[in-house]
Amino acid sequence: MGCASSIHISDRVVYHSGKESEDSHSPQQTNTTQQSQQQGNPAPGLPIKPSSYKSTFTEVQFGPMKLYEDQLQVLLVFAKEDGQSNGFSWACEKANFRCNVARTPESALECFLEKHHDIIIIDHRHSRYFDAEALCRSIRAASSSENTVIVAVVKRPDREEGSVMPLISAGFNRRYLENANMMACYNELLQLEHGEVRTQFKLRACNAVFTALEQSQEAIEITSEDQVIQYVNPAYESSMGYQRGELVGKEIIEVPTSERNKPDLLDTINSCIRKGKEWQGVYYAKKKNGDSVQQNVKITPVPGQGGKIRHYVSINRPLNDNNKSDKCSDRVQAESQTDMQSCKHKDRRKGSLDVRSTTSRGSDGSSQRRHSSMARIHSMTIEAPITKVINIINAAQESSPMPVAEALDRVLEILRTTELYSPQLGTKEEDPHTNDLVGGLMTDGLRRLSGNEYIFATKQLHHIPSHLITPLSLNDIPPRVAQTMENEDSWDFDIFNLEAATMKRPLVYLGLTVFSRFGVCEFLNCSEAVLRSWLQVIEANYHASNSYHNSSHAADVLHATAYFLCKERVKQSLDPIDEVAALIAATVHDVDHPGRTNSFLCNAGSELAILYNDTAVLESHHAALAFQLSTRDDKCNIFKNMERNEYRTLRQAIIDMVLATEMTKHFEHVNKFVNSINKPLAALEENGGNGDEEAAKSILTLPENRILVKRMLIKCADISNPCRPLELCIEWAGRISEEYFAQTDEEKRQSLPVVMPVFDRNTCSIPKSQISFIDYFITDMFDAWDAFADLPNLMQHLDNNFKYWKGLDERKLHSLRPPPE
C-alpha cells in the first residue's frame, strides 16, 4: 500500500479517494463547501489559487551557516474525508506545501518511509478507525522521524481538559483542537513552519557541524557554563589518552591538571574569558598517563540566551617543540601571558586547551569564587590510599632505569582506571557467550535515546489467601513434606522434590525447619507463628511464573547458606547476629524479582530503574521491599521485639548481603576476600610456629573481614547451581536459560537492545553458556571459598558438571541432555 492520494496546486485536484474530479462533488462535499463559503473561506476540494506563492526554497540563517529549506512536505492521516481533513488540505495548498493523504496506519507508515515528511497530522478523534498513538509510536520507531513534527488532531473537551502527557509519551510534538475553519488550519501550519519545523531544520544542520568536529585533526573540547565537559572529539581522545565516556559529564576540576603551569595562569585566563573575550596562548595539559604536554590553546566563549555565556569551545594543538628546555618553555609561557593580559590575540589557528582548568562559570561574577575553590582543592593534603600508591610509584620512576620506568608507566595506567577488579575479555567474536554473560550480568544496560519505554508496573504487595495457610508448628508439617526434608542438612538435598511436595511453596517449609535449627526465633524474640506468617508473605511476593527467579531459587539459596554456616571456619568468623542476617538475607534476596535482568530494566526505562538511578536496581528493590513487607503488619514483623541498636545492626547486615548479590561488583568482592582473608591465612599456615590460632582468629573476626565473609557466603549460595549434583545442576541450567530466552523474546518484541544475543531460543548452545559461566564466574570464586570453608564435595560436583557440559559441547549439542540412545 502506498499514499492514498497527493494534493498539488493545479486546476484539477486529486481528491482523498485518489480519483480525479473537476467540479463534481458528493453531497457531503457540497454541504462542506456551502458551510465554508458561509464562513467566508474558499471551499475545500475546489481549485483554489493562493493569493501569493512562496519560492520553492526558503533561506534560513543559522549562525554563520546559510541553510536552504526545500518545499515542506505534509502527511495527513485521516481515515475518512471530512471538514477537518479538507481544511488542512486547503491550508497546505495555500501555503504551497506538498501534501499526501493516507487513510490507514499501514499506508501512512509506508508513505512516510518513502517521503520523510516534515509535518504529519494524525486524526486522534475517532479511536474506532485506528489507534493514533500507536501509529505515532510506529513512526517514531523509524530513525528518520527524529526531526519530523507530528500533530494530533483531538476533539474539544466536553468537560475538564485532560493532560497532554499521553500524547507526548506517544511521540506527538503538538496537539490541535478540532477546528475545520480553513484559516485556523492555515495559521496552524504557518506556526508549525516558523516554529517547530524550522527548529528541527536547524537541529538537522547540527549533525553536519558535529561531523566536521569529529573529522577535525585539532583536539576540540566543549564545556558548559558550569565547567561540565559536554563534548570531546576523537582527536582530543587520541592526544590526551582518555576515552570520551571518561570525560563527558565531569566537571573540569575532576580531571587532573599539570603542575607545570605558572601559578597565576588560571587567573589570567579566567579574567579574560569571563569578559566574553577569546583567549589564546600556551598551556600545559596532563594526559591520562600522567605526562604533561605543552599546547597552543584557544578558548572561545559562546554566548547563548540573554547574551550570557553558555559554552566554552576549546581548540587544542600540541606544540611541535616539546623537546625544548624548561627554560625555553617558561619563556614562551611568559610571553603568552603578556598577550593574555591585554587580550591581544594573534590570529593563529594553533589553539588547544585542556578546558578542565581554564573555563569559567560565566559572566555573572561567580568565576572568581570558582577559581578560589579550585585552588583550595589543589592545595589540600588529604590523600586517598590509591593516591599515595601512585605518588610512591612516581617517585620510584625518577631513579629507575628506563625499562623499569616504562613498566611502572603501565602500572600507573592500570591503577588510574576505575575498573581495577574487572578482568579484560577478548573480542566478541572470540567468546560471544562469555561476553554476553558479562554484558548481561555485570552492566546496567545500554542507554536508549528513543521514546520507546517499557514501564514495569508497580507491583501490588501480595496478601496470603486463606487456603495457603501453613501448619501452626513444625510438628504439623505433612508427612510427605517432612519426608522430603529428612536430609535438608546435606549438600545433595533435592530442592525440586520439596517444590513438588509443597505445590511450589518450598520456602515456607524449608524456612521453618532451617530457622528452627539455627534458633532464629529465640534470637529475634518472636513466635513461630510470626515467623510462619513472615515466610508466607515473603514467598507470596516471589513470582511463581518465573522459571528461575522464584521461591524455589530462594529456598535453594537458603539451603546453601545454612550449609555454609555449619562449616567450622565460617562459624569461627561469624557471630550469632551474622548467622541470622545471612539466613534472612538468603530468604529475601530475590523477592519480587521480575524475571528480567538489571540491564533490561534500565534499557526499558522501568519505574524501578528510574527509582534507583540505574544502579543495583533489583538488589536495592529486594532489600527495600523485604523490610516493607516485614514491618507493615505486626503479625509478620519478625523484628518488632528487637532492641533498637541490635535491629539497626541486623538490618544493615541484611542489606549489605543482598546488595552483594549484584554481579557488577563480583570480582571486587572475590578479590577483596582473597587478598584480605585467604592470603593472610595461607601465609600463617606456611610459616608455622606458635600463636597461629590466635593470629588466625584475629584475621577471621576483624569487623571488615566478617563483612567480606558474609558477602562471599551469600554470593556462593546464590550461584551454587554448578556445584550441585548433576541432575540438579541440569535442571537449574534449563530454568535460567528459559528465563534468558524469555527476556530476549521480549526485548525483540519491545524493540529494546538485546542484552544477551546468544540467548536466542532458536540458536543458543546451553552447554556453551554453562561452560562460559563456570569459567568466568564460578571456578575462581569457589576455589577461594573452598580454600576458606573446606568444601571438597562441592568441588567434585563442579568438576563432574563441567566435564558433562564439555562433553555435550564437543559433540556440538545445544541441548541440556544428549539425545536418547
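Look above for the structure.
Residues numbered from 1 in each chain as written. Predicted model: local features only at pLDDT ≥ 70, side-chain atom pairs only at ≥ 80, totals over all residues. Heavy atoms only, no water.

Novice: Explain the environment of Lys277 to me, please; I cannot follow it from the model alone.
Specialist: With respect to the secondary-structure elements, Lys277 resides in the loop between helix H9 (265-273) and strand S13 (279-286). The exposure class assigned to Lys277 is partly exposed, which follows from its relative accessible area of 42%. Distance from Lys277 to Thr300, taken between C-alpha atoms, is 7.2 Å for residues 23 residues apart in sequence. (Helix = DSSP H or I, 4+ residues; strand = E, 2+ residues; numbered from the N terminus. Buried < 20%, exposed > 50% of the residue type's maximum accessible area, 1.4 Å probe, protein only.)

Novice: Sorry if this is basic, but what is going on with helix H29 (residues 703-718) here?
Specialist: Residues spaced three or four apart along an α-helix point in a common direction, a consequence of the helix completing one turn every 3.6 residues. Taking 1.5 Å as the rise per residue, H29 with 16 residues should run 22 Å; its terminal C-alpha atoms sit 23 Å apart, in good agreement. With respect to burial, H29 is a largely interior element, 13 of its 16 residues being buried. (Expected span 1.5 Å × (residues − 1).)

Novice: I would appreciate a short explanation of the packing of aromatic side chains in the present structure.
Specialist: Enumeration over the complete set of coordinates arrives at 22 aromatic pairs. A centroid spacing of 5.7 Å and a plane angle of 25° characterise the contact between Trp491 and Phe564, whose relative ring orientation is stacked. Of this pair, Trp491 sits in the loop between helix H15 (479-484) and helix H16 (495-501) while Phe564 sits in helix H20 (residues 551-565), and the two are 73 residues apart along the sequence. In this structure, Trp491 and Phe564 share a single accessibility class: buried. Here Tyr548 and Trp732 contribute two aromatic rings whose centre-to-centre distance is 5.4 Å and whose plane-to-plane angle is 70°, an arrangement assigned as edge-to-face. One end of the pair, Tyr548, is in the loop between helix H19 (528-540) and H20; the other, Trp732, is in helix H30 (residues 726-749), and 184 residues separate them in sequence. Considered together, Tyr548 and Trp732 belong to a single accessibility category, that of buried residues. Three or more aromatic residues joined by ring pairs form one cluster here, namely Trp491, Tyr563, Phe564, Phe673, Trp785 and Phe788. Between Arg596 and the ring centre of Phe600, over which it is positioned, the NZ or CZ distance is 5.9 Å. Lying across the ring of Trp491, Arg724 places its NZ or CZ 3.9 Å from the centre. (Phe/Tyr/Trp six-rings, centres within 6.5 Å; stacked < 30°, edge-to-face > 60°. Lys NZ or Arg CZ within 6 Å of the ring centre and 35° of its normal.)

Novice: Would you mind showing me how to read the sheet that holds strand S11 (residues 219-224) here?
Specialist: In any sheet, the strands associate via hydrogen bonds between backbone groups, in a parallel or an antiparallel arrangement. Overall, antiparallel pairing links the five strands, which are arranged S12-S11-S15-S14-S13 in an open sheet. Both edges of this open sheet fall to strand S12 (229-232) and S13, since each of them pairs with a single strand only. The average angle at which neighbouring strand axes cross in this sheet is 30°, direction not considered. Pairing of S11 with S12 involves three bridges; the strand directions are antiparallel. (Pairing = 2+ DSSP bridges. Axes fitted to C-alpha atoms, helices over the stretch in contact; angles between N-to-C directions.)

Novice: Quick question: what am I supposed to make of the packing of helix H2 (residues 83-95) against helix H6 (residues 182-215) here?
Specialist: Axes are the key here: two packed helices are described by the angle between their axes and the distance separating the axes. Where H2 contacts H6, the two axes come as close as 8 Å, and the packing angle between them is 55°. With respect to each other, H2 and H6 are oriented oblique. Pair H2 / H6 crosses with right-handed handedness. Within the contact between the two elements, H2 uses Gln84, Gly87, Phe88, Trp90, Ala91, Cys92, Lys94 and Ala95 and H6 uses Met182, Met183, Cys185, Tyr186, Glu188 and Leu189. Grouping the constituent residues of the contact of H2 with H6 by class yields 10 nonpolar, two polar and two charged. (Parallel < 35°, antiparallel > 145°, perpendicular 65-115°, else oblique. Left-handed = near helix turned anticlockwise from the far one by under 90°. Contact = heavy atoms within 4.5 Å. Nonpolar A, V, L, I, M, F, W, Y, C, P; charged D, E, K, R; others polar.)

Novice: What is the right way to read the pairing of S11 from this model?
Specialist: Looking along a regular strand, one sees the side chains alternate between the two faces of the sheet. Counting buried positions along S11 yields six of six residues, so the element is predominantly enclosed. Alternating residues of S11 divide into Ala219, Glu221 and Thr223 and Ile220, Ile222 and Ser224, and every residue in both groups is buried. Once S11 ends, the chain turns through four residues before running back antiparallel as S12, passing Gln227 with a positive phi of about 65°.

That's the geometry; what it means functionally is another story.
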